[in-house]
Amino acid sequence: MTNPDKNSDPDKSHQFRNELLRRMSADDLALLKPNMQRCDLPLRMMLVTPNVPIEAVYFIEEGIGSVVARTTSGHEAEVGFIGFEGMTGSSLVMGDDRAVHACFVQLEGEAIRIDAGPFNAALAASATLRMFLLRFVNALLTQTGCTALVNARLKLEERLARWLLMCDDRVPGERLAITHEFLAIMLGVRRPGVTVALQLLEGRALIRSRRGEIVIRDRAGLEELANGSYGEAEAEYARLIGEIDAG
């Protein structure tokens, strides 16, 4: 992937793909534009480091960022999921300068980066900008609440079906570049459990699993298998911001 000059004007290179930037008012977008930098998001790049000041926000254009919680004993699991529909560093929108959870790149892509200083200045200058982005924060909180519920109550294959649907919403096409090891971290389980769950989905002809790649074959079947765990957070995002559609 080409890494363009970070000082180039992102709006001139191509149309924004991030849904928040696309739906933002012209006046609020104008506040942010002078400080936008287009950047690549390589796999596992740290976007938010826990408990240290947030350096920048990333409006993801392509790829996926995972918000991951970690215990002091080293256990970790994904609690949030951000693609082209959202942004990282939402603690800044709520008036804090840091977050307790990490956020790193799960599927590589690119984003619009804005340093924390000018981003905070734009928030201070525009109440409408903060209110609009708080709507996204609300949608993200709904998603994390749904994740807590399904992690506590649903079978692994049902959780996996939901996770794949969420990926499919944010990644064009039907192919997802993801390893079993990474899936295990995202779902908070051991790798052998992920392998068994993938085999179950493949046996039902819902997916095709290859080394480092999963192909969605039957989205409707995945929604049925998800057992009601998929849809509530997506409906809330649609109500607050608009429909998520990766195309």
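One can find the structure itself at the top, above this paragraph.
Residues numbered from 1 in each chain as written. Predicted model: local features only at pLDDT ≥ 70, side-chain atom pairs only at ≥ 80, totals over all residues. Heavy atoms only, no water.

Novice: Can you break down the packing of aromatic side chains residue by residue, with the values?
Specialist: Counted under the stated rule, the structure contains three aromatic pairs. Aromatic side chains Phe81 and Trp163 sit 5.8 Å apart centroid to centroid with 85° between the ring planes, which places their arrangement in the edge-to-face category. Here Phe81, found in strand 4 (residues 76-82), pairs with Trp163, found in helix 6 (residues 156-170); they are 82 residues apart in sequence, far enough to count as distant. (Phe/Tyr/Trp six-rings, centres within 6.5 Å; stacked < 30°, edge-to-face > 60°. Helix = DSSP H or I, 4+ residues; strand = E, 2+ residues; numbered from the N terminus.)

Novice: Tell me about the pairing of strand 7 (residues 207-210), and name the residues and values.
Specialist: Only one face of strand 7 is covered, namely the one carrying Ile207 and Ser209; the face carrying Arg208 and Arg210 has none of its residues buried. One ladder, built from four bridges, connects strand 7 with strand 8 (residues 213-216); its direction is antiparallel. Considered in strand 8, the bridge of Arg210 is made with Glu213. If you look at the hairpin formed by strand 7 and strand 8, you'll find two residues sitting between the two strands, and Gly212 has a positive phi there, around 75°. (Buried < 20%, exposed > 50% of the residue type's maximum accessible area, 1.4 Å probe, protein only. Pairing = 2+ DSSP bridges.)

Novice: An account of helix 8 (residues 191-203) is needed here, citing residue identities and associated values.
Specialist: For helix 8, built from 13 residues, the straight-helix expectation of 18 Å at 1.5 Å per residue is met to within 8% by its first-to-last C-alpha distance of 18 Å. When helix 8 is considered as a whole, its buried residues turn out to be Val194, Ala197, Leu198 and Leu201. For helix 8, the arc enclosing every buried residue in end-on projection is 100°, short of the 170-degree limit, so these residues lie on one face. Exposed and oriented more than 90 degrees from the buried face of helix 8 are Pro192, Val196 and Gly203. Contact partners of the buried residues in helix 8: helix 6, helix 7 (180-187), strand 7, strand 8 and helix 9 (219-225). (Expected span 1.5 Å × (residues − 1). Arc of directions from axis to C-beta. Contact = heavy atoms within 4.5 Å.)

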